[in-house]
Amino acid sequence: NKKQLQGCYFIIQDRTEEINELKKKQHLATHDRLTDLYIKEHFYEQTEKYIKSHPEEELYIVCTDIKDFKMINDFFGTKIGDQVLINFSKMLSSQLSDASIYGRIENDIFGILMAKDKYDEEKFSGMAQEAFDSCIDTGISFPTINYIGVYEITDRTIPASVMCDRARMAITSIKGSFQKRVAYYNDTLRDNILYEQELITDLDHAISTGEIKMYLQPQMSSEGQMLGAEALVRWDHPEKGLISPGIFIPIFEKNGFITKLDLYVFAHVCAFIRKRSEE
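Cut-offs applied
- Residues numbered from 1 in each chain as written.
- Predicted model: local features only at pLDDT ≥ 70, side-chain atom pairs only at ≥ 80, totals over all residues.
- Heavy atoms only, no water.
- Helix = DSSP H or I, 4+ residues; strand = E, 2+ residues; numbered from the N terminus.
- Rg over C-alpha atoms; globule rule 2.2 N^0.38 Å.
- Buried < 20%, exposed > 50% of the residue type's maximum accessible area, 1.4 Å probe, protein only.
- Contact = heavy atoms within 4.5 Å.
- Areas by Shrake-Rupley, 256 points an atom, 1.4 Å probe, with all protein chains shown as cover.
- Lys, Arg positive; Asp, Glu negative; His and termini not counted.
- Charge placed at Lys NZ, Arg CZ, Asp CG, Glu CD.
- 1 Å grid on protein atoms, 1.4 Å probe; cavity = no way out; pocket = protein on both sides within 12 Å on 5 of 7 lines; lining within 4 Å.
- Points joined across faces, edges and corners; volume = space filled by probe spheres on them.
- Nonpolar A, V, L, I, M, F, W, Y, C, P; charged D, E, K, R; others polar.
- Phe/Tyr/Trp six-rings, centres within 6.5 Å; stacked < 30°, edge-to-face > 60°.
- Pairing = 2+ DSSP bridges.
- Axes fitted to C-alpha atoms, helices over the stretch in contact; angles between N-to-C directions.

### A few points about the overall build of the protein chain
Argument step 1. Helix and strand content of the protein chain: 10 helices and eight strands.
Argument step 2. The C-alpha atoms of the protein chain give a radius of gyration of 29 Å, which is well past the 19 Å a tight globule of 279 residues would have.
Argument step 3. Looking at the protein chain as a whole, 36% of its 279 residues qualify as buried.
Argument step 4. Contacts in the protein chain between residues far apart in sequence, at least 24 positions, make up 62% of those at least 6 positions apart.
Argument step 5. Approximately 17,800 Å² of the protein chain is accessible, and the part contributed by carbon and sulfur atoms is 51%.
Argument step 6. Taking the 33 positively charged and 44 negatively charged side chains of the protein chain as two groups, their mean positions are separated by 6 Å.

In structure tokens:
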């Protein structure tokens with residue numbers, strides 16, 4: 001009658017276990033099981049969100065790649081290899097600022113979104129060696145190199161996956177080198193890599209159509225007598241013109257396609273010698 005609360009009752013249901021299980025599933029869906037960093041897809045998603053919400057901030061996409069990581073697995077076993085990756089991920093977590101976003105892109109490749117003014121080459125360059133040394137007998141010497149590719153985000157309209165591809169493209173330009181550990185993406189680098197890929201794609205066609213041509217360079221004695229000849233190769237490309245071997249041979253040496261070219265030239269030399277001997 002006085003419009004005052006006389007009493008109340010509650011029905012309480014404890015859903016703590018259910019909620020915790022749901023959170024665990026959500027975490028597993030977005031985080032790598034080994035390193036507990038973001039998986040590739042979630043890293044891309046969070047990166048794109050951050051870029052859109054910070055339009056004025058100068059940002060870098062950094063990708064890291066441990067050189068010959070498979071050799072660590074082969075020599076020391078996958079248990080040590082996994083521990084290297086775990087240690088590496090912990091170093092990323094401890095050394096990067098809260099504003100950074102990082103994840104495991106695949107295998108031994110990690111991706112990082114960070115402010116340009118927070119980037120420090122030295123911070124990443126020795127990380128792989130430290131990650132290896134911290135999980136194995138220090139009496140064992142095994143040089144571990146960490147390659148770093150950097151893409152400065154100048155085009156915010158492209159997907160985060162393409163940004164990472166550009167950073168990894170920079171790594172491709174120095175992979176195999178012991179001197180260079182860091183490479184920065186630019187359009188010239190992209191054009192060079194695309195040009196190399198075009199030559200790799202065109203090689204089989206060039207061999208089958210005779211675009212690869214053999215030339216003979218005479219070998220002369222000091223008296224002016226011809227002692228023999230050295231077989232040289234040139235590529236008469238229908239669109240790119242005459243391509244110097246100084247351009248295409250290093251490309252094929254790098255990816256192993258040089259064997260195809262060697263066998264092709266060897267066969268032509270043998271055919272030429274046979275023809276000359278029958279004349």
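### With respect to the layout of surface pockets
Argument step 1. Reported here for the largest pocket is a volume of approximately 260 Å³.
Argument step 2. Every residue lining the largest pocket is counted, 13 residues in all, and those nearest its centre are Ile66, Asp68, Phe69, Lys70 and Lys175.
Argument step 3. If you list the elements that add at least two residues to the lining of the largest pocket, you get β1 (59-66) and α3 (69-76).
Argument step 4. For the lining of the largest pocket, the residue count by class is four nonpolar, two polar and seven charged.
Argument step 5. There is about 210 Å³ of room inside the second largest pocket.
Argument step 6. For the lining of the second largest pocket, the secondary-structure elements that each account for two or more residues are α8 (187-209) and α9 (245-255).
Argument step 7. Among the elements that make up the lining of the second largest pocket, the one with the highest residue count is α8 (six residues).
Argument step 8. Split into classes, the residues belonging to the lining of the second largest pocket amount to four nonpolar, five polar and two charged.

### Quick word on the packing of aromatic side chains
Think of a pair of aromatic rings as described by two things: how far the centres are apart, and how the planes are tilted against each other in angle.
Argument step 1. This model, assessed by the stated rule, comprises 14 aromatic pairs.
Argument step 2. Ring geometry for tyrosine 60 versus tyrosine 119: centroids 5.2 Å apart, planes at 85°, classification edge-to-face. Residue tyrosine 60 is found in strand β1, and its partner tyrosine 119 is found in the loop between β3 (109-115) and α5 (121-125); the two are separated by 59 residues along the sequence. The exposure classification of tyrosine 60 matches that of tyrosine 119, with both residues buried.
Argument step 3. For the pair phenylalanine 132 and phenylalanine 142, a centre-to-centre distance of 5.4 Å together with 35° between the ring planes defines the contact as tilted. Taken as a pair, phenylalanine 132 in helix α6 (residues 127-133) and phenylalanine 142 in the loop between α6 and β4 (146-152) lie far apart in primary sequence, 10 residues in all. With respect to class, phenylalanine 132 is no different from phenylalanine 142; both count as buried.

### A word on the sheet that holds strand β8 (residues 241-243)
Argument step 1. Pairing within the open sheet is antiparallel, and its three strands lie in the order β6-β7-β8. Two strands in the sheet have a free side with no partner beyond their single neighbour: β6 (212-220) and β8. In this sheet, neighbouring strand axes are inclined to one another by 40° on average, regardless of whether the strands run parallel or antiparallel.
Argument step 2. Note that β6 and strand β7 (residues 226-237) share nine bridges and pair antiparallel.

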